[in-house]
Amino acid sequence: MALPHRAEITAALKGLALLLRGDARALQFYDLSLDGFWRSFGLPLFCLVCYLILQPMTAAQTELWGDNRVGFILVQGVEYLLAWGVYLAVMAAVSRGFGLSHRYAVFVVLYNWAQAIVTAASLPVLAGSLIGLLPPGTLAGWSTGILLLWLYIVLQAARIGLGAGLSLALGAAFLDLAASILLHGLLDLVS
(Lines give C-alpha, C1' and ligand atoms only; values in the text may rest on other atoms or scores of the structure.)
Protein backbone atom coordinates (compact mmCIF):
# COMPACT_ATOMS: atom_id res chain seq x y z
CA MET A 1 0.00 0.00 0.00
CA ALA A 2 1.68 3.15 -1.23
CA LEU A 3 1.40 6.50 0.45
CA PRO A 4 -0.61 9.06 -1.50
CA HIS A 5 1.06 11.74 -3.59
CA ARG A 6 1.38 15.36 -2.49
CA ALA A 7 -1.43 16.44 -4.85
CA GLU A 8 -3.80 13.92 -3.27
CA ILE A 9 -2.86 15.09 0.24
CA THR A 10 -3.38 18.73 -0.77
CA ALA A 11 -6.76 17.87 -2.28
CA ALA A 12 -7.74 16.01 0.91
CA LEU A 13 -6.87 19.08 3.00
CA LYS A 14 -9.10 21.21 0.79
CA GLY A 15 -11.80 18.55 1.03
CA LEU A 16 -11.56 18.51 4.82
CA ALA A 17 -11.93 22.30 4.94
CA LEU A 18 -15.17 21.98 2.97
CA LEU A 19 -16.28 19.00 5.06
CA LEU A 20 -15.85 21.08 8.21
CA ARG A 21 -18.25 23.62 6.73
CA GLY A 22 -20.75 20.90 5.85
CA ASP A 23 -20.23 21.54 2.13
CA ALA A 24 -20.93 18.50 -0.07
CA ARG A 25 -18.44 19.83 -2.64
CA ALA A 26 -15.84 18.23 -0.33
CA LEU A 27 -16.42 14.97 -2.21
CA GLN A 28 -14.86 16.48 -5.34
CA PHE A 29 -11.48 16.54 -3.61
CA TYR A 30 -11.26 12.81 -2.83
CA ASP A 31 -10.54 9.85 -5.06
CA LEU A 32 -13.68 7.79 -4.54
CA SER A 33 -12.61 4.99 -6.88
CA LEU A 34 -11.78 1.51 -5.59
CA ASP A 35 -8.06 2.37 -5.75
CA GLY A 36 -8.75 5.62 -3.88
CA PHE A 37 -10.66 3.68 -1.24
CA TRP A 38 -7.73 1.36 -0.55
CA ARG A 39 -5.18 4.19 -0.79
CA SER A 40 -7.13 6.10 1.88
CA PHE A 41 -5.80 3.61 4.44
CA GLY A 42 -2.11 4.30 3.70
CA LEU A 43 -1.54 7.73 5.23
CA PRO A 44 -3.55 7.04 8.40
CA LEU A 45 -1.43 3.91 8.99
CA PHE A 46 1.79 5.85 8.46
CA CYS A 47 0.63 8.65 10.78
CA LEU A 48 -0.45 6.07 13.37
CA VAL A 49 3.06 4.60 13.45
CA CYS A 50 4.55 8.09 13.97
CA TYR A 51 1.93 8.84 16.64
CA LEU A 52 2.69 5.63 18.52
CA ILE A 53 6.42 6.28 18.47
CA LEU A 54 5.90 9.77 19.93
CA GLN A 55 3.12 8.83 22.38
CA PRO A 56 4.28 9.31 25.97
CA MET A 57 3.78 6.51 28.46
CA THR A 58 1.74 7.20 31.57
CA ALA A 59 3.16 6.28 34.98
CA ALA A 60 0.96 3.15 35.07
CA GLN A 61 2.11 2.14 31.58
CA THR A 62 5.75 2.70 32.52
CA GLU A 63 5.24 0.52 35.59
CA LEU A 64 3.66 -2.21 33.46
CA TRP A 65 6.03 -2.05 30.48
CA GLY A 66 9.26 -0.82 32.08
CA ASP A 67 11.92 -0.40 29.40
CA ASN A 68 9.97 -2.44 26.81
CA ARG A 69 8.96 0.52 24.64
CA VAL A 70 8.66 -1.66 21.52
CA GLY A 71 6.17 -3.97 23.25
CA PHE A 72 4.18 -0.97 24.44
CA ILE A 73 4.09 0.51 20.91
CA LEU A 74 3.01 -2.81 19.39
CA VAL A 75 0.19 -3.33 21.89
CA GLN A 76 -0.99 0.28 21.49
CA GLY A 77 -0.89 -0.17 17.72
CA VAL A 78 -3.02 -3.31 17.90
CA GLU A 79 -5.51 -1.47 20.14
CA TYR A 80 -5.84 1.42 17.69
CA LEU A 81 -6.14 -0.89 14.69
CA LEU A 82 -8.80 -2.95 16.45
CA ALA A 83 -10.77 0.17 17.38
CA TRP A 84 -10.53 1.42 13.79
CA GLY A 85 -11.58 -1.94 12.34
CA VAL A 86 -14.40 -2.50 14.82
CA TYR A 87 -15.80 0.96 14.20
CA LEU A 88 -15.71 0.57 10.42
CA ALA A 89 -17.35 -2.86 10.70
CA VAL A 90 -20.11 -1.51 12.95
CA MET A 91 -20.63 1.42 10.57
CA ALA A 92 -20.92 -1.04 7.67
CA ALA A 93 -23.76 -2.75 9.55
CA VAL A 94 -25.36 0.58 10.47
CA SER A 95 -25.11 1.73 6.85
CA ARG A 96 -26.76 -1.47 5.66
CA GLY A 97 -29.46 -1.21 8.32
CA PHE A 98 -30.38 2.33 7.25
CA GLY A 99 -30.22 1.59 3.53
CA LEU A 100 -27.05 3.62 3.03
CA SER A 101 -24.60 0.83 2.19
CA HIS A 102 -24.17 2.21 -1.35
CA ARG A 103 -22.46 5.24 0.26
CA TYR A 104 -20.37 3.36 2.84
CA ALA A 105 -17.13 3.44 0.81
CA VAL A 106 -17.43 7.23 0.44
CA PHE A 107 -17.80 7.54 4.22
CA VAL A 108 -14.70 5.38 4.76
CA VAL A 109 -12.62 7.52 2.40
CA LEU A 110 -13.66 10.71 4.21
CA TYR A 111 -13.14 9.10 7.62
CA ASN A 112 -9.68 7.73 6.76
CA TRP A 113 -8.40 10.97 5.25
CA ALA A 114 -9.69 12.99 8.18
CA GLN A 115 -8.05 10.53 10.55
CA ALA A 116 -4.73 10.95 8.76
CA ILE A 117 -4.91 14.75 8.79
CA VAL A 118 -5.95 15.01 12.45
CA THR A 119 -3.27 12.53 13.52
CA ALA A 120 -0.62 14.37 11.48
CA ALA A 121 -1.68 17.65 13.12
CA SER A 122 -1.13 16.04 16.53
CA LEU A 123 2.42 14.90 15.80
CA PRO A 124 4.15 18.28 16.43
CA VAL A 125 2.28 18.65 19.73
CA LEU A 126 3.30 15.14 20.79
CA ALA A 127 6.91 15.77 19.78
CA GLY A 128 6.97 19.13 21.58
CA SER A 129 5.56 17.55 24.73
CA LEU A 130 7.95 14.61 24.53
CA ILE A 131 11.07 16.77 24.36
CA GLY A 132 9.79 19.33 26.86
CA LEU A 133 9.19 22.29 24.54
CA LEU A 134 5.55 22.53 25.60
CA PRO A 135 4.23 22.93 29.15
CA PRO A 136 2.95 19.75 30.90
CA GLY A 137 -0.79 20.44 30.47
CA THR A 138 -0.59 21.19 26.75
CA LEU A 139 -1.09 17.60 25.64
CA ALA A 140 -4.21 17.14 27.77
CA GLY A 141 -5.74 20.36 26.42
CA TRP A 142 -4.82 19.44 22.86
CA SER A 143 -6.33 15.96 23.26
CA THR A 144 -9.63 17.40 24.50
CA GLY A 145 -9.80 19.89 21.63
CA ILE A 146 -8.93 17.23 19.06
CA LEU A 147 -11.57 14.88 20.49
CA LEU A 148 -14.29 17.52 20.07
CA LEU A 149 -13.07 18.36 16.58
CA TRP A 150 -12.95 14.66 15.70
CA LEU A 151 -16.55 14.09 16.79
CA TYR A 152 -17.62 17.00 14.57
CA ILE A 153 -15.59 15.64 11.63
CA VAL A 154 -17.16 12.19 11.95
CA LEU A 155 -20.60 13.79 12.14
CA GLN A 156 -19.92 15.70 8.90
CA ALA A 157 -18.38 12.63 7.23
CA ALA A 158 -21.55 10.68 8.04
CA ARG A 159 -23.78 13.50 6.79
CA ILE A 160 -21.89 14.10 3.56
CA GLY A 161 -20.29 10.69 2.94
CA LEU A 162 -23.22 8.48 3.93
CA GLY A 163 -25.96 10.98 3.23
CA ALA A 164 -27.18 10.43 6.81
CA GLY A 165 -29.59 12.73 8.60
CA LEU A 166 -28.43 14.73 11.58
CA SER A 167 -29.53 12.22 14.24
CA LEU A 168 -27.87 9.27 12.48
CA ALA A 169 -24.73 11.36 11.89
CA LEU A 170 -24.62 12.27 15.60
CA GLY A 171 -25.01 8.59 16.39
CA ALA A 172 -22.12 7.73 14.07
CA ALA A 173 -19.88 10.26 15.82
CA PHE A 174 -20.70 9.03 19.31
CA LEU A 175 -20.48 5.41 18.18
CA ASP A 176 -16.88 6.11 17.20
CA LEU A 177 -16.16 7.46 20.66
CA ALA A 178 -18.03 4.62 22.40
CA ALA A 179 -16.31 1.92 20.35
CA SER A 180 -12.90 3.36 21.15
CA ILE A 181 -13.60 3.74 24.88
CA LEU A 182 -15.12 0.26 25.19
CA LEU A 183 -12.38 -1.48 23.25
CA HIS A 184 -9.55 0.31 25.07
CA GLY A 185 -11.28 -0.39 28.40
CA LEU A 186 -11.69 -4.09 27.60
CA LEU A 187 -8.08 -4.41 26.49
CA ASP A 188 -6.89 -2.59 29.62
CA LEU A 189 -8.82 -5.10 31.75
CA VAL A 190 -7.12 -7.97 29.95
CA SER A 191 -3.62 -6.56 30.34
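Just above, that's the structure.
This one's a predicted model, so the numbers in the text were calculated from it and none came from an experiment.

**Q** Please clarify how the packing of helix α1 (residues 6-20) against helix α6 (residues 104-130) should be interpreted in this entry.
**A** The relative placement of two packed helices comes down to the angle between their axes together with the axis-to-axis distance. Packing of α1 against α6 brings their axes to within 10 Å, and their N-to-C directions diverge by 100 degrees. It follows from the interaxial angle that α1 and α6 lie roughly perpendicular. Across from E8, I9, A12, L13, L16 and L19 in α1, the residues of α6 making contact are L110, W113, A114 and I117. A class-by-class count of the residues in the contact of α1 with α6 yields 9 nonpolar, no polar and 1 charged.

**Q** Sorry, what's going on with the nonpolar core here?
**A** Proteins that are soluble and globular tend to have nonpolar side chains buried together. L19, Y30, Y87, L88, F107, L110 and Y111 are the most contacted members of the largest nonpolar core, which has 44 residues in total. Elements with a contribution of two residues or more to this core: α1, α3 (42-54), α5 (69-97), α6, α7 (138-162) and α8 (166-190). Ranked by the residues each element gives to this core, the list is headed by α6, at 12 residues. Those residues in contact with Y30 that lie beyond four places of it in its chain are A12, G15, L16, V109, L110 and W113.

**Q** Would you take a moment to explain the environment of W65 for this structure?
**A** Structurally, W65 is set in helix α4 (residues 59-65). By relative accessible area, which is 22% here, W65 ends up partly exposed. Not counting the four nearest positions on each side in its chain, W65 is found in contact with M57, G71, F72 and V75.

Basis of the calculations
- Residues numbered from 1 in each chain as written.
- Predicted model: local features only at pLDDT ≥ 70, side-chain atom pairs only at ≥ 80, totals over all residues.
- Heavy atoms only, no water.
- Axes fitted to C-alpha atoms, helices over the stretch in contact; angles between N-to-C directions.
- Helix = DSSP H or I, 4+ residues; strand = E, 2+ residues; numbered from the N terminus.
- Parallel < 35°, antiparallel > 145°, perpendicular 65-115°, else oblique.
- Contact = heavy atoms within 4.5 Å.
- Nonpolar A, V, L, I, M, F, W, Y, C, P; charged D, E, K, R; others polar.
- Core = buried A, V, L, I, M, F, W, Y, C linked by side-chain atoms within 4.5 Å.
- Buried < 20%, exposed > 50% of the residue type's maximum accessible area, 1.4 Å probe, protein only.

Everything listed here is a matter of geometry and, on its own, says nothing about what the molecule does.
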